[in-house]
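# A structural walkthrough
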Amino acid sequence: SESMPEMTSEELETALLSEPMYVVETEYVVQDEKYKALYPDMLQAVIKNNSGIDVKSAIVAFAAWDSHGFPVKIESQYSLGRGSYVVRVNYSDVNMVDGDTYGHNSGLPLDYESNNISEFKAIVMSYEDFDGNIWNNPYYDTWIGMYENKKLVQ
């Protein structure tokens, strides 16, 4: 099999924006400065359906870095200390018509002691339509190879 040509992160980010579903924005959301066990910080990724069809659900993957650009194991709210460099989140029952965005009011809740994430990226790994057809992101492996447990090149 022919290997994919090497891409820069800029080329990859640009390519993702031409896909049928992609992340339009990310934000680190602090819900409460004090009561993080009740109102955890969240990694928020807003996705856009550009597929021309209705989408039932999607899977979004997250990777994160600290202030030095070193990879961080993402400790989600119920990971019980078992973080991982890439966390896949099921955006189930998003029920998006073509042109819709989703994710402004949700996110990946972090463990309340998690405080080392300074930057993160997210990618749509796959989505499913109402007929059961699944789209798998052809750039997902490239994204993983570029970002999973790798230093973030600024």
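Structure shown above.
In this report, the structure presented in the accompanying data block is examined. (Residues numbered from 1 in each chain as written. Predicted model: local features only at pLDDT ≥ 70, side-chain atom pairs only at ≥ 80, totals over all residues. Heavy atoms only, no water.)

## A look at the overall build of the protein
For clarity, the cut-off: Secondary structure is summarised from DSSP: a helix means a run of H or I of at least four residues, a strand means a run of E of at least two, and numbering begins at the N terminus for each. C-alpha atoms define the radius of gyration in this analysis, and the globule rule sets the expected value at 2.2 Å times the number of residues to the power 0.38.
The number of helices and strands found in the protein is 2 helices and 9 strands. Going residue by residue from the N terminus, the α and β elements of the protein occur as α-β-β-β-β-β-β-β-β-β-α. Taking 154 residues into account, the globule formula puts the C-alpha radius of gyration at 15 Å, and the protein, at 16 Å, falls close to it. Here the C-alpha coordinates of the protein stretch approximately 45 × 35 × 25 Å along the principal axes.

## Examining the layout of surface pockets
As a reminder, the rule being used: Think of a 1 Å grid over just the protein atoms. A cavity is a set of points where a 1.4 Å probe fits yet cannot get out, a pocket is an open set with protein on both sides within 12 Å along at least five of seven lines, and lining residues have an atom within 4 Å of a point. Grid points are joined across faces, edges and corners, and a volume is the space filled by probe spheres set on the points. By the convention adopted, Pro, Cys, Tyr, Trp, Phe, Met, Ile, Leu, Val and Ala count as nonpolar, Lys, Arg, Asp and Glu as charged, and the other residues, Gly among them, as polar.
Computed from the structure, the largest pocket encloses a volume of approximately 220 Å³. Broken down by secondary-structure element, the contributors of at least two residues to the lining of the largest pocket are helix H1 (9-16), strand E1 (21-29) and strand E8 (119-129). The greatest single-element share of the lining of the largest pocket, amounting to 6 residues, is contributed by E1. Residues of the lining of the largest pocket, tallied by class, amount to 10 nonpolar, 2 polar and 4 charged.

## Looking at the nonpolar core
Just so we agree on the cut-off: By nonpolar core we mean a set of buried residues, namely Ala, Val, Leu, Ile, Met, Phe, Trp, Tyr and Cys, connected to one another through side-chain atoms within 4.5 Å. Each residue is assigned to one of three classes by its accessible area relative to the maximum for its type, calculated with a 1.4 Å probe on protein chains only: buried under 20%, partly exposed between the two thresholds, exposed over 50%. In this analysis, two residues are considered to be in contact whenever any of their non-hydrogen atoms come within 4.5 Å of each other.
Ranked by size, the top nonpolar core spans 25 residues in total, and within it Met21, Leu43, Ile47, Phe62, Ile74, Tyr91 and Ile117 carry the most contacts. At the level of secondary structure, the elements contributing two or more residues to this core comprise E1, strand E2 (42-49), strand E3 (55-65), strand E5 (86-91) and E8. Residue contributions to this core peak at 5 residues, all from E3. Ignoring any residue separated from it by four or fewer positions in sequence, one finds Ile74 in contact with Leu43, Phe62, Ala63, Ala64, Gly83, Ser84, Tyr85, Val87, Leu108, Leu110 and Ile117. If you look at the next biggest cluster of nonpolar residues, it comprises 13 residues, including Leu12, Trp143, Met146 and Leu152.

## Focus on the environment of Ser9
With respect to the helices and strands, the residue Ser9 is situated in helix H1. When the C-alpha positions of Ser9 and Ala64 are compared, they lie 15 Å apart, and in sequence the two are 55 residues distant. Ignoring any residue separated from it by four or fewer positions in sequence, one finds Ser9 in contact with Met146 and Tyr147.

## A closer look at the pattern of salt bridges
Going by this rule: When a carboxyl oxygen of Asp or Glu lies within 4 Å of a side-chain nitrogen of Lys or Arg, that pair is called a salt bridge.
Counted by the stated rule, this structure contains 2 salt bridges. One salt bridge in this structure joins Asp41 and Lys36, with 2.8 Å as the shortest N-O distance. A single burial state applies to Asp41 and to Lys36, both of which are buried.

## With respect to the packing of aromatic side chains
Keep this limit in mind: Two aromatic rings, drawn from Phe, Tyr or Trp (for Trp, its six-membered ring), form a pair once their centres lie within 6.5 Å of each other, and the interplanar angle then sorts them: stacked below 30 degrees, edge-to-face above 60, tilted otherwise.
Scanning the entire structure with this criterion turns up 6 aromatic pairs. On the numbers, 5.1 Å between centres and 25° between planes, the contact of Tyr127 with Trp135 is stacked. The class for Trp135 is buried, based on a relative accessible area of 17%.

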